[in-house]
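Given next are the chains, with one letter for each unit.
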Amino acid sequence: MATINIVDDILAPADTIKLHYEGKNTFRVFDMVRGLLRDVMKISSKDILETDARWDVFADPRAFYGMWMGKRKEDQWTMTYIRIIMQGEMDMKTRLGWLDVRLKGTVETKYQWTNFIQRGFWWTYNRTFYYKQRRMYLEFAKDNVYTIRRKMQQALGIAPPGE
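One structure accompanies this document, and this report is about it. Counting restarts for each chain: residues are numbered from 1 in the order of the written sequence. In keeping with the predicted nature of the model, local features appear solely for residues at pLDDT of at least 70, side-chain atom pairs appear and are counted solely at 80 or more, and the whole-chain, interface and lining totals rest on all residues. Hydrogens and water molecules were not included; the side-chain quantities draw on all heavy atoms of the structure.

**Some details on the packing of aromatic side chains**
Going by this rule: Two rings from Phe, Tyr or Trp (for Trp, the six-membered ring) form a pair when their centres are within 6.5 Å of each other. A pair whose planes differ by under 30 degrees is stacked, one over 60 is edge-to-face, and the rest are tilted. The numbering of helices and of strands both runs from the N terminus, where a helix is a DSSP run of H or I of at least 4 residues and a strand a run of E of at least 2.
In this structure the tally under the stated criterion is 17 aromatic pairs. Look at Phe-30 and Trp-55: their rings are 5.8 Å apart centre to centre, the planes differ by 85 degrees, and that puts the pair in the edge-to-face class. Of this pair, Phe-30 sits in helix 1 (residues 27–41) while Trp-55 sits in strand 3 (residues 48–55), placing them 25 residues apart in sequence. Members of the aromatic cluster, connected to one another through ring pairs, are Trp-77, Tyr-111, Phe-121, Trp-122, Tyr-125, Phe-129 and Tyr-130.

Printed below as a string of structure tokens:
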């Protein structure tokens, strides 16, 4: 069975949002990523993948690195993936350090077909009816990414005024 696979970047034309912070308590955001993905995307813990999380407890400043992905099934054809990549260091005596965060995501739609008639049907269905629904999924996912960024900025004390 063949598939039609459509993948859109949530943050197109760029593919990532970058956040750089230098100051106190940079590790605070590292601890809150799983909860942010769960609460903002409104998914269960089983849909959060911690693909890599490490920190060096013997060095000073202590380095840390982590990768997480939240996945949400929108309907029977479409999935939303939001990825967070984080890297930084923190001095244990002064609690000063730096932090780099990258947020990225995709909305992926898969149709399965077995013959050229079904393929034509899926192509027509996507162009005429489902395109608007996929755009709504993209906008909702983009709002999720910006909400995650804002909550991280608030935790670090660098949120723009008025938020």
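**Examining helix 2 (residues 116–156)**
The line we're drawing: Bend is the name given here to the angle between axes fitted to two runs of seven residues, the run ending at a residue and the run starting at it. Pairs of N or O atoms are called polar contacts if they sit within 3.5 Å, as long as, within protein, a hydrogen donor faces a hydrogen acceptor (for residues adjacent in sequence, only side-chain-to-side-chain pairs).
The largest bend along helix 2 measures about 65 degrees and falls at Tyr-130. Taking the backbone nitrogen of Ile-117 as reference, a side-chain oxygen 3.1 Å away marks Asn-115 as the first, capping residue of helix 2.

**Focus on the packing of helix 1 against helix 2**
Between two packed helices, the angle of one axis relative to the other and the distance separating the axes together describe the packing. Using the following cut-off: Note on geometry: axes are lines fitted to C-alpha atoms, helical ones only across the stretch in contact, with angles between N-to-C directions running from 0 to 180 degrees. Left-handed is the label given to a crossing in which the near helix is rotated counterclockwise from the far helix by less than a right angle, and right-handed is the label when the rotation is clockwise. Should any heavy atoms of two residues lie within 4.5 Å, those residues are counted as being in contact. Throughout, the ten residues Ala, Val, Leu, Ile, Met, Phe, Trp, Tyr, Cys and Pro are labelled nonpolar, Asp, Glu, Lys and Arg are labelled charged, and all others, Gly among them, are labelled polar.
Two elements in contact, helix 1 and helix 2, have axes whose closest approach is 10 Å; the angle formed by their N-to-C orientations is 145 degrees. Two packed elements cross with a definite hand, and for helix 1 against helix 2 that hand is right-handed. The residues of helix 2 that touch helix 1, namely those facing Arg-28, Val-29, Met-32, Val-33, Leu-36, Leu-37, Val-40 and Met-41, are Asn-144, Thr-147, Ile-148, Lys-151, Met-152, Ala-155 and Leu-156. Its residues assigned to classes, the contact of helix 1 with helix 2 comprises 11 nonpolar, two polar and two charged.

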